[in-house]
Amino acid sequence: MALGRARLERPSRYLVDERPLPAAEIDDEIERLRRAIELAREELGVLRDRLHGSMAREVAEFIDAHSLMLADRELTSGIYDLIRQGGYRASAALKLQRDRLVAVFEAMDDPYLRSRKEDVEQVIARVQAGLQRDSSSEERKLASRIGEILVSDTVAPAELVPLAEAGVLGVVLSSGSRVSHGAILARSLHLPMVVAAHDALGAIAENDLILINGDSGEVIVHPSSADLARFRAWQRDSLQRSRQLALLAERDTRTRDGVEIALWANAESAADVALARASGAVGIGLYRTEFLFLQRRELPDEDEQFLAYRTLVLGMGGLPVTIRTLDLGADKADNSVLMLDPEDNPALGVRGVRLSLRHPQLMRTQLRAILRASAYGPVRILVPMVCASEEMTQMRALLRECARDLRSAGHEIAEHVELGAMIEVPAAAIALPGMIRQLDFVAIGTNDLVQYTLAIDRNNDHLADLYDPLHPAVLRLLAQTITIAQRARKPVSLCGEMAGDRRYTALLLALGLTDFSMHPGVLLEVRELIATLDRGALRKHAAALLRAPTRARIEAVLARMAASAATSA
Ligand code: PEP
Ligand code: MG
């Protein structure tokens with residue numbers, strides 16, 4: 001949950017008061033505008049002071065540019081003139097000035113300068129927001145003392161890191177879905193996020209006090225004292241609950257009938273790695289490297305990547321770390337860095353291993369960096385979006401070539417680094433019997449496997465009710481993948497969001513899964529649940545689960561599983 005002050009990101013939708021301004025009100029209006037500009041400058045100063053971490057310098061450049069614009073007399077004197085001489089109200093004068101400047105920028109030949117019009121829009125939007133503040137109410141006083149919750153239509157994964165670093169307390173989006181990359185990253189950043197709040201931009205005003213709950217998806221505008229009491233109770237309970245769960249940190253994960261289960265952590269950030277260690281994860285089951293590539297102007301070179309991977313490996317103190325090669329596509333990529341062409345269907349486009357094989361040099365750099373990090377602890381390499389055996393053959397050849405080059409240049413690298421594939425495209429799951437010999441291990445990516453099996457865009461909130469991990473086709477692919485890997489004696493884990501969702505723990509144990517990789521924040525809760533489940537009894541329901549032809553029948557089997565677990569407990 002998070003309590004904060006709404007910061008709306010909808011520059012084009014500010015209410016602009018177009019009524020003529022009576023002469024007697026000119027001085028007051030000028031004063032209002034002056035205060036709004038002052039407020040905007042103060043806010044930028046506060047934002048700048050809060051910056052730290054890797055993105056700080058780049059974000060600071062933008063903030064400084066915006067502060068300079070606010071101090072620029074050319075920009076502001078034009079707005080004051082419009083009020084004084086043109087009889088415009090402040091909001092209308094701001095809009096007019098924005099339109100004029102944007103037109104000037106749009107007429108420029110240089111594409112970089114042309115793109116600077118966005119700065120004008122953002123700066124003017126900030127002043128517009130300042131104008132709409134009503135500093136008199138009690139709520140405003142409370143709101144001014146707490147941080148901001150961003151309310152927007154969408155937010156790109158790459159934008160989330162600087163937002164979190166700038167101290168934003170939470171995010172409310174009118175679109176999006178729980179399994180989008182943005183939502184996964186928000187979880188990693190410990191940033192409460194509510195998605196698909198369709199009328200958020202209409203119902204929430206700038207600076208409103210809002211209370212959000214990322215678990216239930218609730219957004220409360222103007223929370224009552226009862227709501228605030230509920231928030232305080234939640235804060236108390238979650239503290240108590242985390243203390244209680246912390247007692248499980250040192251324990252093994254075992255089912256009630258004594259079967260050892262391996263809980264791995266998915267990690268994107270240093271905080272995740274620390275939490276993975278603190279929660280007793282057996283290793284990192286998925287490290288998504290694409291976040292090293294986002295929100296930047298140039299590609300990270302081999303040394304930079306090596307340092308990041310080495311920090312990760314050292315951070316895990318000898319436990320295995322699974323580093324996934326770049327899984328970028330036009331959906332996630334910052335186009336300016338990788339020069340990816342926009343695609344009509346990025347999810348079906350040049351993504352993951354397809355991108356890697358088209359840019360072997362990009363891949364060599366990454367593989368070399370990972371191999372160099374392998375000198376510091378056990379590392380496995382995981383390839384995303386694999387569709388065909390040939391892709392793994394090519395990746396293995398690249399890996400061998402990089403290992404050979406590094407060794408002959410005198411670098412110390414591990415003798416053997418395992419190479420595995422993500423099973424997240426139905427073709428790979430179906431063709432796995434022919435591919436398994438080539439793989440050292442398998443990681444099932446249900447976020448995409450569900451998307452591609454059901455032909456449902458994981459980011460499309462209008463189809464969220466159809467995005468169903470309990471679809472019979474998905475269960476069959478999961479069961480087959482687990483069985484084929486286990487028969488071939490290859491380690492198999494599941495690292496989609498399903499692995500950390502306690503609604504599916506019993507189901508996955510029933511299908512034979514023994515290795516779960518999840519956000520480390522939920523690991524202890526899953527460990528606690530597993531200790532109450534009897535794997536032997538659950539396995540007996542596997543056939544019935546796979547025979548069930550509809551979701552309703554699958555749910556009925558799950559209910560029977562839960563009931564029999566309760567009686568035998
Ligand atoms: C998945 O698809 O399940 C997965 C773990 O990868 P990502 O969410 O990064 O696509
Ligand atoms: Mg995936």
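Treat the numbers as computed from the prediction; the structure is a model and nothing was measured. (Residues numbered from 1 in each chain as written. Chains lettered and ligands numbered in written order. Predicted model: local features only at pLDDT ≥ 70, side-chain atom pairs only at ≥ 80, totals over all residues. Heavy atoms only, no water.)

Looking at the overall build of the protein
Rules: Helix and strand labels come from DSSP, where a helix needs a run of H or I of at least four residues and a strand needs a run of E of at least two; each type is numbered from the N terminus. Here the globule rule is a power law, 2.2 Å times the number of residues to the power 0.38, and the radius of gyration is based on C-alpha atoms. Think of it in three bands: residues with accessible area under 20% of the maximum for their type are buried, residues over 50% are exposed, and the middle band is partly exposed, with areas taken using a 1.4 Å probe on protein chains only. We call two residues in contact whenever any of their non-hydrogen atoms come within 4.5 Å of each other.
What the protein contains, in helices and strands, is 26 helices and 14 strands. For 569 residues, the compact-globule estimate of 2.2 N^0.38 gives 25 Å, and the C-alpha radius of gyration of the protein, at 26 Å, lies within 12% of that figure. Per-residue burial over the protein gives 52% buried out of 569 residues. Contacts in the protein between residues at least 24 apart in sequence constitute 69% of all its contacts with a sequence separation of at least 6.

Describing the site of ligand 1
To keep it simple, the criterion reads: To be near a molecule or strand, a residue needs just one of its heavy atoms within 4 Å of it. Whenever a nitrogen or oxygen atom comes within 3.5 Å of another N or O atom, the pair is scored as a polar contact, on the condition that within protein one atom can donate a hydrogen and the other can accept it, and that pairs from neighbouring residues in sequence are kept only if both atoms are in side chains. All accessibility values rest on the Shrake-Rupley procedure with a 1.4 Å probe; residue burial counts only the protein chains present in the view.
The environment of ligand 1 is formed by 16 residues, the closest being R288, R324, G445, N447 and R458. In the model, an oxygen atom of ligand 1 is placed 2.7 Å from a nitrogen or oxygen of the R288 side chain. In the model, an oxygen atom of ligand 1 is placed 2.7 Å from a nitrogen or oxygen of the N447 main chain. Expressed as a share of its isolated accessible area of 290 Å², the protein-covered part of ligand 1 is 100%. Taken together, the elements giving at least two residues each to the shell around ligand 1 come down to α9 (181-188), β8 (284-288) and α20 (446-454). When residues in the shell around ligand 1 are grouped by element, the largest group, three residues, is from α20.

Observations regarding the pattern of salt bridges
For the record, the criterion: Counted as salt bridges are all cases of a side-chain nitrogen of Lys or Arg within 4 Å of a carboxyl oxygen of Asp or Glu.
Taken as a whole, this structure holds 31 salt bridges when the rule is applied. For D448, the salt bridge identified is with R351, shortest N-O distance 2.8 Å. You can see D448 sitting in helix α20 and its partner R351 sitting in the loop between α14 (335-338) and α15 (353-358), a full 97 residues away along the chain. Both residues of the pair, D448 and R351, count as buried. Each of the salt bridges in this network shares a partner with another, and the network as a whole consists of E290, R324, D327, R351, D448 and R458.

Here's the deal with the sheet that holds strand β2 (residues 148-152)
Formally: Criterion used throughout: strands pair if DSSP finds at least two bridges between them.
Read from one edge of the open sheet, six strands run β4-β3-β2-β1-β5-β6, paired in mixed fashion. Edge positions in the sheet fall to β4 (193-194) and β6 (218-221), since each of these pairs with one other strand and no more. Pairing between strand β3 (residues 170-173) and β4: two bridges, direction parallel. Note on β4: the bridge partner recorded for V171 is M193.

Let's talk about the side chain of D272
Spelled out, the test is: Positive residues here are Lys and Arg, negative ones are Asp and Glu, while His and the chain termini are left out of the count.
Here D272 is to be found in helix α12 (residues 270-278). Buried within the structure, D272 lacks any salt-bridge partner; its nearest side chain of opposite charge belongs to R288, at an N-O separation of 7.5 Å. Filtering out sequence-adjacent residues up to four positions away, D272 remains in contact with S188, H190, N266, A267, H519 and P520.

Let's talk about helix α3 (residues 73-84)
Filter applied, for reference: Residue count minus one, scaled by 1.5 Å, sets the expected span of a helix.
With twelve residues, α3 extends 15 Å between its outermost C-alpha atoms, agreeing within 8% with the 16 Å of an ideal straight helix rising 1.5 Å per residue. Among the residues making up α3, those that are buried are L75, T76, G78, I79, Y80, L82 and I83.

Here's the deal with the coordination of the magnesium ion (ligand 2)
Heads up, the rule is: Here a donor is an N, O or S atom found within 2.8 Å of the metal, or within 3.2 Å if the metal is Na, K or Ca; sites may look incomplete because water is not among the atoms.
Looking at the magnesium ion (ligand 2), the protein donor atoms are E424 (OE) and D448 (OD), and they sit 2.0 to 2.1 Å from it. Taken together, the residues E424 in the loop between β11 (418-423) and α18 (426-430) and D448 in helix α20 connect sequence positions 24 residues apart. When sorted by exposure, E424 lands in the same class as D448, which is buried.

Details of the state of the cysteines
Test applied: Two cysteine sulfurs form a disulfide in these notes if their separation is within 2.5 Å.
Taken as a whole, this structure holds zero disulfides when the rule is applied. Considering cysteine sulfurs only, C495 is the nearest to C387, which forms no disulfide, with 17 Å between them.

Looking at the domain arrangement of the protein
Basically, it comes down to this: Residue ranges for the domains originate in an automatic or database domain assignment. By the convention adopted, Pro, Cys, Tyr, Trp, Phe, Met, Ile, Leu, Val and Ala count as nonpolar, Lys, Arg, Asp and Glu as charged, and the other residues, Gly among them, as polar.
Annotation of the protein at the domain level lists domain 1 (2-231) and domain 2 (247-568). Here the C-alpha centre of domain 2 lies 37 Å away from the C-alpha centre of domain 1. Taken together, the contacts link 22 residues of domain 1 with 22 residues of domain 2. Taken together, domain 1 and domain 2 are joined by one salt bridge. Put simply, R187 and E497 hold a salt bridge, and the shortest N to O gap is 2.0 Å. Seen at the junction of domain 1 and domain 2, the total is six residue pairs in polar contact (both at pLDDT 80 or more). The set of elements that each furnish at least two residues to the side of domain 1 that touches domain 2 consists of α2 (56-71), α8 (157-165) and α9. For the side of domain 1 that touches domain 2, the class distribution of residues is nine nonpolar, nine polar and four charged.

Structural notes on the packing of helix α11 (residues 225-246) against helix α23 (residues 523-530)
Worth spelling out the cut-off: Where helices are involved, their axes are fitted lines through C-alpha atoms of the stretch in contact, as for all axes, and angles between N-to-C directions lie from 0 to 180°. Here is the rule for angles: anything less than 35 degrees is roughly parallel, anything more than 145 is roughly antiparallel, 65 through 115 is roughly perpendicular, and the remaining ranges are oblique. Crossing handedness is read from the near helix: turned anticlockwise from the far helix by less than a right angle, it gives a left-handed crossing, and turned clockwise, a right-handed one.
The interhelical angle for the contact between α11 and α23, taken along N-to-C directions, is 60 degrees, at an axis separation of 10 Å. By the angle between their axes, α11 is oblique relative to α23. With respect to the hand of their crossing, α11 and α23 are arranged in left-handed fashion. Here α11 contributes R241, Q244, L245 and A246 to the contact with α23, which in turn contributes L524, E525 and E528. In terms of residue class, the contact of α11 with α23 is built from three nonpolar, one polar and three charged.

Some details on the nonpolar core
Cut-off, in case you're wondering: Only buried residues count toward a nonpolar core. Its members are Ala, Val, Leu, Ile, Met, Phe, Trp, Tyr and Cys residues joined through side-chain atoms within 4.5 Å.
Counting residues in hydrophobic clusters, the biggest one holds 114 residues, and the most contacted among them are L160, M193, I284, L478, F516 and L545. Sort the elements by how many residues they give to this core and helix α21 (residues 472-487) lands first, with eight residues. Here this core spans two domains, and each of domain 1 (2-231) and domain 2 (247-568) adds at least three residues to it. Every residue in contact with M193, bar those within four places of it in the chain, is listed here: V155, L160, V171, L173, G182, A183, A186 and G214. If you look at the next biggest cluster of nonpolar residues, it comprises 25 residues, including I26, L33, Y80 and I83.

Things to note about the sheet that holds strand β10 (residues 379-383)
Spatially, the eight strands close up into a barrel ordered β7-β8-β9-β10-β11-β12-β13-β14, and their pairing is parallel. Strand-to-strand, the axes of this sheet are offset by a mean angle of 25 degrees, without reference to chain direction. Sheet analysis places β11 next to strand β12 (residues 441-444), joined by four bridges and oriented parallel. Looking at the pairing, I423 lines up with I444 of β12.

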